[in-house]
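# Structural overview for review
Next come the chains, spelled out residue by residue.
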Amino acid sequence: MGTRHLIAVMYNNEYRIAQYGQWDGYISGQGADILKFLQTVDLDKFKQKLQNVSFLTDEDIENINSTYPNGKWKNVFPYLSRDMGSEILNYVYNLQEDQIKLQNKIEFSKDSLFCEYAYVIDLDNNSFEIYKGFNKTPIDEDQRFYWNNYQDNGYYPVKLHTKFNLTVLPDYDTLLKIDNTEEF
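The text that follows walks through the structure, step by step, so that each part is easy to find. Small disclaimer: the values here were computed from a predicted structure and weren't measured.

Basis of the calculations
Numbering of residues starts from 1 in each chain and follows the order in which that chain's sequence is written. Local features in this predicted model are restricted to residues whose pLDDT is 70 or higher, and side-chain atom pairs enter the listing and the counts only when it is 80 or higher, whereas totals over whole chains, interfaces and linings include all residues. Excluding hydrogens and water, the side-chain values take into account all heavy atoms of the structure. Relative accessibility decides the category of a residue: with a 1.4 Å probe and only protein chains considered, values under 20% of the type maximum give buried, values over 50% give exposed, and everything between is partly exposed. What counts as a helix is a DSSP run of H or I of at least four residues, what counts as a strand is a run of E of at least two, and both are numbered from the N terminus. This arc is taken over the directions from the axis of the helix to the C-beta atoms. Should any heavy atoms of two residues lie within 4.5 Å, those residues are counted as being in contact. The definition of a polar contact used here is a pair of N or O atoms within 3.5 Å, where within protein one atom must be able to donate a hydrogen and the other to accept one, and adjacent residues in sequence count solely through side-chain atom pairs. Criterion used throughout: strands pair if DSSP finds at least two bridges between them. Here the axes come from fitting lines to C-alpha atoms, over the contacting stretch only for helices, and the angles between their N-to-C directions go from 0 to 180 degrees. Joining through side-chain atoms within 4.5 Å is the link that ties buried Ala, Val, Leu, Ile, Met, Phe, Trp, Tyr and Cys residues into a set, and such a set is a nonpolar core.

Here the focus is helix α6 (residues 172–179). The complete set of buried residues in α6 reads Leu-175, Ile-178 and Asp-179. One side of α6 carries all its buried residues, which in axial view fall inside an arc of 105°. Turned more than 90 degrees from where α6 packs its buried face, Asp-173 and Lys-177 sit exposed. Turning to α6, the residues buried within the fold contact α1 (27–40), β5 (117–122), β6 (127–132) and β7 (159–165). For α6, the side-chain oxygen to backbone nitrogen distance between the N-cap and Asp-173 is 3.3 Å, and the N-cap itself is Asp-171.

What follows is the structure in structure tokens.
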């Protein structure tokens, strides 16, 4: 189902992944896949791989679109697709290339009408954070996605729903219960 979301990874005080996703963004979808990733990988190895990740420039994106018109770039750069979802984490984790450039879609968090969920793996603070969209109340300045009190069509940026320590992650059933919690 089309549930738009953002998957971000913070490492060394900067976003290393900020991937827009189009499908299954709800907690029992992408959230559960991210939880499984976190429970099964070596985070030290993941941190090493993240050092090889940077973001495309506007010029890079223009070059890709002109070289591979009509969406043909998806065959060459599948990791840039909105269809990648949480698989971007495994893609980076298993990266064979010396360097990879991704799109930086962190500003999608501003648009909580369309960004229905956001997930942040913060390796600096050892946390897995879940944010929900459809937020009609301002968020505090100290919140991760505070964008100078940004508001569009009555919606503010995504709002923190739940935060876990990476050393004390929930099980799948607990995560599913969180998905049904409306208060946050």
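The subject of this paragraph is the sheet that holds β5. Read across the open sheet, the five strands follow the order β2-β1-β5-β6-β7; overall the sheet is mixed. Each edge of the open sheet carries a strand with a single partner, namely β2 (14–23) and β7. On average, each strand axis in the sheet is inclined to that of its neighbour by 15°, with strand direction left out of account. On top of the sheet, α1 reaches β1 (2–11), β2, β5, β6 and β7; it is set at about 10° to β5, its chief contact. Docked against the sheet, α6 engages β5, β6 and β7, running at close to 165° with respect to β7.

One finds Ile-17, Phe-46, Leu-89 and Phe-128 to be the most contacted residues of the largest nonpolar core, which totals 38 residues. Where this core is concerned, the elements lending two or more residues are β1, α1, α2 (43–50), α5 (87–93), β4 (100–102), β5, β6 and α6. Here this core gets six residues from one element, more than from any other, and that element is α1. In this structure, Tyr-20, Val-120, Ile-139 and Val-158 belong to the second largest nonpolar core, which totals 13 residues.

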